[in-house]
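# Structure assessment
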Amino acid sequence: MARINLLDRSVYELIAAGEVIERPSSVIKELVENSIDAGAKHITIEIKDGGSSFMRVTDDGCGIAFDEVPTAFLRHATSKVQSADDLESIMTLGFRGEALASVAAVAKVEVLTKEADEQYGTSFKINGGDILEHERTGCPDGTTLIIRDLFYNVPARQKFLKRDVTEGNQVQGLIDKLALAHPDVSFRLIRDNKQVRSTGGDGDYYSAIYAVFGKQFAGSLIPVEYSMGDITLTGYISSPLFTRPNRSMQYFFVNGRYVRSVICLTALEEGYRGSIMTGKFPACVLNITMPPELCDVNVSPSKTEIRFADEKQIFDLLNFGTRNAILNADNKREIKLEKQQPVSAPVAPQPLEKRVEAAIRTAPQEGFVKMSSEEYKEKVAKNLDDDRMFRIREKEVRFHSPLSGIQPRKTETSFVQQHIAEPEPVKTQENTSAWQKSDFAPKTAPIAEEKEENTYKFITGASLEAKEQLPAVTEQEPVQPIKVIGELFATYILCQCGDEFIMIDKHAAHERIKFEKKKTELTTSSQLLTESICVDLSPEQYDALSGNEDKLSDAGVDIILHDGVRCEITAAPSAFAGEKVNPSDIVVRAADMLASGNDNIIGEIYDDLLHSRACKSAVKANDINHPDELRVIAEEVWQNEKIRFCPHGRPVMVKLTKQEIEKYFSRIV
Ligand code: ADP
Ligand code: MG
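Keep in mind that what you see is a predicted model, and the values were worked out from it rather than measured.

A word on the overall build of the protein. From N to C terminus, the protein includes 24 helices and 23 strands. Counting every position in the protein, which comprises 669 residues, the buried fraction comes to 46%. Residue pairs in contact within the protein that sit at least 24 positions apart in sequence constitute 69% of those at least 6 positions apart.

Below is the structure:
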């Protein structure tokens, strides 16, 4: 072994700097966080060549006193922590006192800083840790730090820098996160002399999101406000209708600090369970405000890892906060009608006779309520005005459905009412008699009542307790009745409610109705295995299962843990008998869930099974259904706000308001 040396300051500074400063964005992160801690309201960030040649951060914060500037560049020099006790309650972004020292060790640094009540400011230069200048100078209040030639003295590090554009993008992504976390600060980012980001700093989260991600993203958001004790969740999540292919748009902040947390993202996704398709991800900008002593941010030098004292509480906060927000939001998808611009100057109307003939020629024949051209002409002869006649004709085409045999009335509403009041069953189909036995028929025993009688609750244990804490979603307003006015393509139920036109996907809706019903009926019995199955677990999985055997048993899986690595499965859920599901997969999934703080094991284990059973038993697109079947589905969808997405997350309904329709037809502007 070589002799043990005490390292030179310059060497250990380089080693220590390596932990904090990895690339230009790490420098910017430290400098901007210092500006925020200094109370700045305006921060301008300028970079050139991705930051490697030039970075400048200018703020209007409190500034640094002349004598203290060199101290600020010493390792472990900070104004934010005095004693060990202070580490328990950190509310500033910095506290380790090593950023400026680290930056100065690996770059050429210039500082201009002035406190508001001082007459002069300070100019300070330090290269690779060597002080070159420390003078009084005239400059504005606040602090400007200029960093040149990052890693000029550490060529090994330089080699690991990516292309300028990649490094610049990293900086931009970082500024976005900081801007989202601090809506009360106005940020400006200038890349190679071009301003690429500017936020207003008006304190409003929504405007910060709008400034960073633009109108389209901001428009898809649902507000979240939820608290549990002295922990609060605020921010925005994406509507389940706007999903993403990955998790890149999930932003979590704790006390204004961007954090990466498996607990947070699992809880968020649990909140979306049943509202979003598998393989799709929600987006969010969520802030957790909590007493600082209940979380530890001093986990890694970059301070993005976080530990929570009570992980379960954080999980519940996000899960229920998200779920509640989704329920509260109006998740009826709205159709946006693009108003068509006239392609050419309006043409003088043709004589009525010609228009009638043309309309008859071009009208689709299939699915059209039969009326000969003679009959049609007769109507004209009866002095129906042109408009009315064309409306009727269009309506006939649109609303014709397998519920045929009904003659259109003169006005749209009476036509509609006839569908409802005198439904004429389709004769030849077996569905007609089958439906009376089916779950559509029991008008006398509505589904809602059945649910109440059922004592079994789907979520058990701790999550059930927490679920009961959910505040009432909204004051129960009487729901306006929905009227079915027809069916389209044997797939979509067409409905009207007040001034809204609603289209419901009958399969998606019925599938969800069935799924919710099956969930309330679920009992989780277990069946002994003739031969127990053993599965080896990682230490984290083993830890997660030990002490939670009861939760698995509630879900119908009996296990015995052995030797810190092995799990013996002695009984599996009877519901899976005959299904191609391996009990060891169930156990591993449950272990992973528990390890990430999610204990909704029954949901995780049974949801897929219930989905596929609900899917199989639901009505399908192109099925011929009795009008009453459609009515029951529509009413259930309308009254039960759980029925907004099919179990795979496809939307169940879309709507269009009368006003939008009128706008489209230029009846109003
Ligand atoms: P930390 O932020 O962990 O305290 P730093 O090395 O980042 O450590 O900064 C050292 C000190 O320099 C800070 O505690 C603060 O007092 C001072 N400082 C750094 N940047 C600024 C700034 N932009 N405005 C005012 N003071 C600053
Ligand atoms: Mg700092």
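That was the structure; now back to the text.
What follows deals with the pattern of salt bridges. Taken as a whole, this structure holds 28 salt bridges when the rule is applied. Taken together, the shared-partner salt bridges connect Glu270, Arg273 and Asp607 into one network.

This brings us to the site of ligand 1. Not every one of the 20 residues close to ligand 1 is listed here, only the nearest: Asn34, Thr78, Ser79, Lys80 and Gly97. A distance of 2.5 Å separates an oxygen atom of ligand 1 from a polar atom in the side chain of Thr78. Look at ligand 1: alone it shows 530 Å² of surface, and the protein chains cover 93% of it. Listed by contribution, the elements that provide at least two residues to the shell around ligand 1 are helix H2 (24-37) and helix H4 (99-106). Per-class residue counts for the shell around ligand 1 are 8 nonpolar, 8 polar and 4 charged.

This paragraph deals with a negative patch on the surface. A cluster of acidic residues, Asp85, Glu88, Asp230 and Glu293, forms a negative patch on the protein surface. Within the element layout of this structure, Asp85 appears in the loop between helix H3 (69-72) and H4.

Looking now at the sheet that holds strand E21 (residues 558-562). An order of E20-E22-E21 is seen for the 3 strands of this open sheet, with the pairing classed as antiparallel. Since the sheet does not close on itself, it has two edges, and those belong to strand E20 (526-536) and E21, each with one partner. Strand-to-strand twist of the sheet, defined as the mean angle between neighbouring strand axes without regard to direction, takes the value 15°. Set on the sheet, helix H21 (residues 583-595) makes contact with E20, E21 and strand E22 (566-573); between it and E22 the angle comes to about 115°.

Once that is clear, we can look at the sheet that holds strand E13 (residues 284-289). Pairing within the open sheet is mixed, and its 5 strands lie in the order E9-E10-E13-E11-E12. Two strands bound the open sheet, and with one partner strand each, they are strand E9 (221-228) and strand E12 (257-259). Neighbour-to-neighbour, the strand axes of this sheet turn through a mean angle of 20°, independent of strand direction. Bridge count between strand E11 (residues 250-254) and E13: 5 bridges; the pairing is parallel. Across the sheet, the residue bridging to Gln250 is Cys284, located in E13.

A cluster of nonpolar side chains, namely Leu7, Val11, Tyr12 and Ile15, defines an oily patch on the protein surface of about 370 Å² accessible area. Within the secondary structure, Val11 sits in helix H1 (residues 9-20).

Think of a pair of aromatic rings as described by two things: how far the centres are apart, and how the planes are tilted against each other in angle. Taken as a whole and judged by the stated rule, the model has 8 aromatic pairs. Centre to centre, the rings of Tyr206 and Tyr236 are 5.3 Å apart; their planes meet at 55°, and the pair counts as tilted. Taken together, the residues span a long stretch of sequence, with Tyr206 in helix H7 (residues 205-213) and Tyr236 in strand E10 (residues 231-238) at a distance of 30 residues. Tyr206 sits in the partly exposed class, given a relative accessible area of 29%. Of the residues examined, Tyr236 reaches a relative accessible area of 16% and is grouped as buried. In this structure an aromatic cluster arises from ring pairing among Phe213, Phe217, Tyr251, Phe253 and Tyr258. Stacked on the ring of Phe54, the Lys or Arg Lys48 has its end atom at 4.8 Å from the ring centre.

Reading guide: rules and limits
Residues numbered from 1 in each chain as written. Chains lettered and ligands numbered in written order. Predicted model: local features only at pLDDT ≥ 70, side-chain atom pairs only at ≥ 80, totals over all residues. Heavy atoms only, no water. Helix = DSSP H or I, 4+ residues; strand = E, 2+ residues; numbered from the N terminus. Buried < 20%, exposed > 50% of the residue type's maximum accessible area, 1.4 Å probe, protein only. Contact = heavy atoms within 4.5 Å. Salt bridge = Lys/Arg side-chain N within 4 Å of Asp/Glu carboxyl O. Near = heavy atom within 4 Å. Polar contact = N/O pair within 3.5 Å; in protein donor to acceptor, adjacent residues only side chain to side chain. Areas by Shrake-Rupley, 256 points an atom, 1.4 Å probe, with all protein chains shown as cover. Nonpolar A, V, L, I, M, F, W, Y, C, P; charged D, E, K, R; others polar. Patch = residues over 30% accessible without salt bridge, like charges linked within 9 Å, V, L, I, M, F, W, Y side chains within 5 Å. Lys, Arg positive; Asp, Glu negative; His and termini not counted. Charge placed at Lys NZ, Arg CZ, Asp CG, Glu CD. Pairing = 2+ DSSP bridges. Axes fitted to C-alpha atoms, helices over the stretch in contact; angles between N-to-C directions. Phe/Tyr/Trp six-rings, centres within 6.5 Å; stacked < 30°, edge-to-face > 60°. Lys NZ or Arg CZ within 6 Å of the ring centre and 35° of its normal.

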